[in-house]
Amino acid sequence: MSDEARPYGGGTSDPALKRVRTRHFQRAKEQGIKITGLTSYDFLSASIFDEAGIDFLLVGDSAGNTVFGYDTTIPVTVDELIPLTAAVVRGVSRALVVADMPFGSYENGPDEALHTAIRFMKETRSHAVKLEGGTRSAKQIKRVVRAGIPVMAHIGFTPQSEHGLGGHIIQGRGDDAQRLLEDAHAVEDAGAFAVVLEMVPSAIAAQVTEELSIPTISVGAGPHCDGQLLVWSDWAGMSRGRIPRFVKQYAQIGDTLLEAAKTFRDDVDSGVYPAAEHEYSE
């Protein structure tokens, strides 16, 4: 789809530039325009992705793995995500920024969910929040939406429930397909403007996409969803170790940085750096 056909322009250099809003997500679904999303945790990556025309940036609790070095996302706190989210917001002029509500910040009920969402909106100036869970989180979603805060839902594999789900297991297979459909309708009925489907078979994701009037965003849920979202450090080849099957790597920035660091070390050791052109004269 050409940039001219997009309802909100194609990037910061596009004369059709508009701030991406939740209504644009709905319009994109209706017009068959695919939505693009990446995670981001800092000003510099956010500004680059915004310039590229990525539609939304998720400041995910995946920062637990990519920024803070935790084994899971569970230890991540609101106080840790707020400065990251604020930095991302400062880096964009077009993309919609979604703040991820971490484990323990909404499970106690609708009032706690609203309190957390308000903190993100006031302290980071993000444009929406995301929380995990289908039917179990419907009341929280409804409460936050009624307060005027857009909510992106997240069903299928929900990383905050990793231990309860028994690890990184594909969701929606066999008898679980009906439960996934129920979760999808529950979050739509609660007022979510979009829903992330993570690690779901393509066929059931296609059915969910067909049945819902709100956009579906795939994280390993195949090509039939209304949009695609990836963790940027996986997508760009920054992450070390195993990469999920559904990730296509568009660069190998980790290897580039590794070689650059080695070359810098060698240049300093040998005296090649700094050279005359790097000095200031009297």
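In what follows, the structure referred to is the one given above.
Asker: An account of the overall build of the protein chain is requested, with residue identities and associated values reported.
Answerer: Helices and strands together make up the secondary structure of the protein chain, namely 11 helices and eight strands. By residue count, 49% of the 282 residues in the protein chain fall in the buried class. Summarising the internal contacts of the protein chain: among those between residues at least 6 apart in sequence, 58% fall at separations of at least 24. Accessible area of the protein chain: about 13,800 Å², with a carbon and sulfur share of 52%.

Asker: Tell me what's going on with the pattern of salt bridges, and back it up with residues and numbers.
Answerer: One pass over the full model with this rule turns up 11 salt bridges. A salt bridge links Asp79 to Arg119, with the shortest nitrogen-to-oxygen separation between them at 3.0 Å. Here the residue Asp79 occupies a position in helix H4 (residues 78–90), and Arg119 occupies one in helix H5 (residues 110–124), the gap between them amounting to 40 residues. Exposure remark for Asp79: the relative accessible area of 53% places this residue in the exposed category. In this structure Arg119 comes out as partly exposed when scored by relative accessible area, which is 24%. Note that Asp266 and Arg265 form a salt bridge whose closest N and O atoms lie 3.1 Å from each other. By relative accessible area, Arg265 is classed as partly exposed at 45%. When salt bridges with common partners are traced through the structure, they connect Asp79, Arg119 and Glu123 into a single cluster.

Asker: An account of helix H1 (residues 22–31) is requested, with residue identities and associated values reported.
Answerer: Inspection of H1 places His24, Phe25, Ala28 and Lys29 among the buried residues, and these make up the whole buried set. Seen from one end, H1 has its buried residues packed into an arc of 145°, which puts them on one side. Facing away from the buried side of H1, by more than 90 degrees, are the exposed residues Arg23 and Glu30. Against the buried residues of H1 lie strand E1 (35–39), strand E2 (56–59), strand E3 (96–100), strand E5 (151–156), strand E6 (194–198) and helix H9 (202–211). Positive backbone phi, at 75°, marks Gly32, one or two positions downstream of H1.

Asker: Give me unusual backbone geometry: which residues, what numbers.
Answerer: Outside of glycine, negative phi angles account for most residues, and trans bonds account for most peptide bonds. Of the consecutive residues Tyr273 and Pro274, the connecting peptide bond is found in the cis state with omega at 0°. One non-glycine residue, Arg125, adopts positive backbone phi at about 65°. Within the secondary structure layout, Arg125 lies in the loop between H5 and strand E4 (128–132). Residue Met199 is not a glycine yet carries a positive backbone phi of 50°. As for its placement among the helices and strands, Met199 is situated in the loop between E6 and H9.

Asker: Explain the environment of Leu197 residue by residue, including any values.
Answerer: Assignment of secondary structure puts Leu197 in strand E6. Of the residues examined, Leu197 reaches a relative accessible area of 0% and is grouped as buried. When residues no more than four places from it in sequence are discounted, the contact partners of Leu197 are Ile155, Ala205, Val208, Thr216, Ile217, Ser218, Val219, Ala221 and Cys225.

Asker: Mind laying out the nonpolar core, listing which residues take part and the relevant values?
Answerer: Counting residues in hydrophobic clusters, the biggest one holds 55 residues, and the most contacted among them are Leu57, Met101, Phe120, Val129, Ile141, Val195 and Leu197. Phe25, Ile33, Val98 and Ala128 belong to the second-largest nonpolar core, a separate cluster that totals 17 residues.

What counts and how
- Residues numbered from 1 in each chain as written.
- Predicted model: local features only at pLDDT ≥ 70, side-chain atom pairs only at ≥ 80, totals over all residues.
- Heavy atoms only, no water.
- Helix = DSSP H or I, 4+ residues; strand = E, 2+ residues; numbered from the N terminus.
- Buried < 20%, exposed > 50% of the residue type's maximum accessible area, 1.4 Å probe, protein only.
- Contact = heavy atoms within 4.5 Å.
- Areas by Shrake-Rupley, 256 points an atom, 1.4 Å probe, with all protein chains shown as cover.
- Salt bridge = Lys/Arg side-chain N within 4 Å of Asp/Glu carboxyl O.
- Arc of directions from axis to C-beta.
- Core = buried A, V, L, I, M, F, W, Y, C linked by side-chain atoms within 4.5 Å.

Any functional reading would require information beyond the geometric quantities listed.
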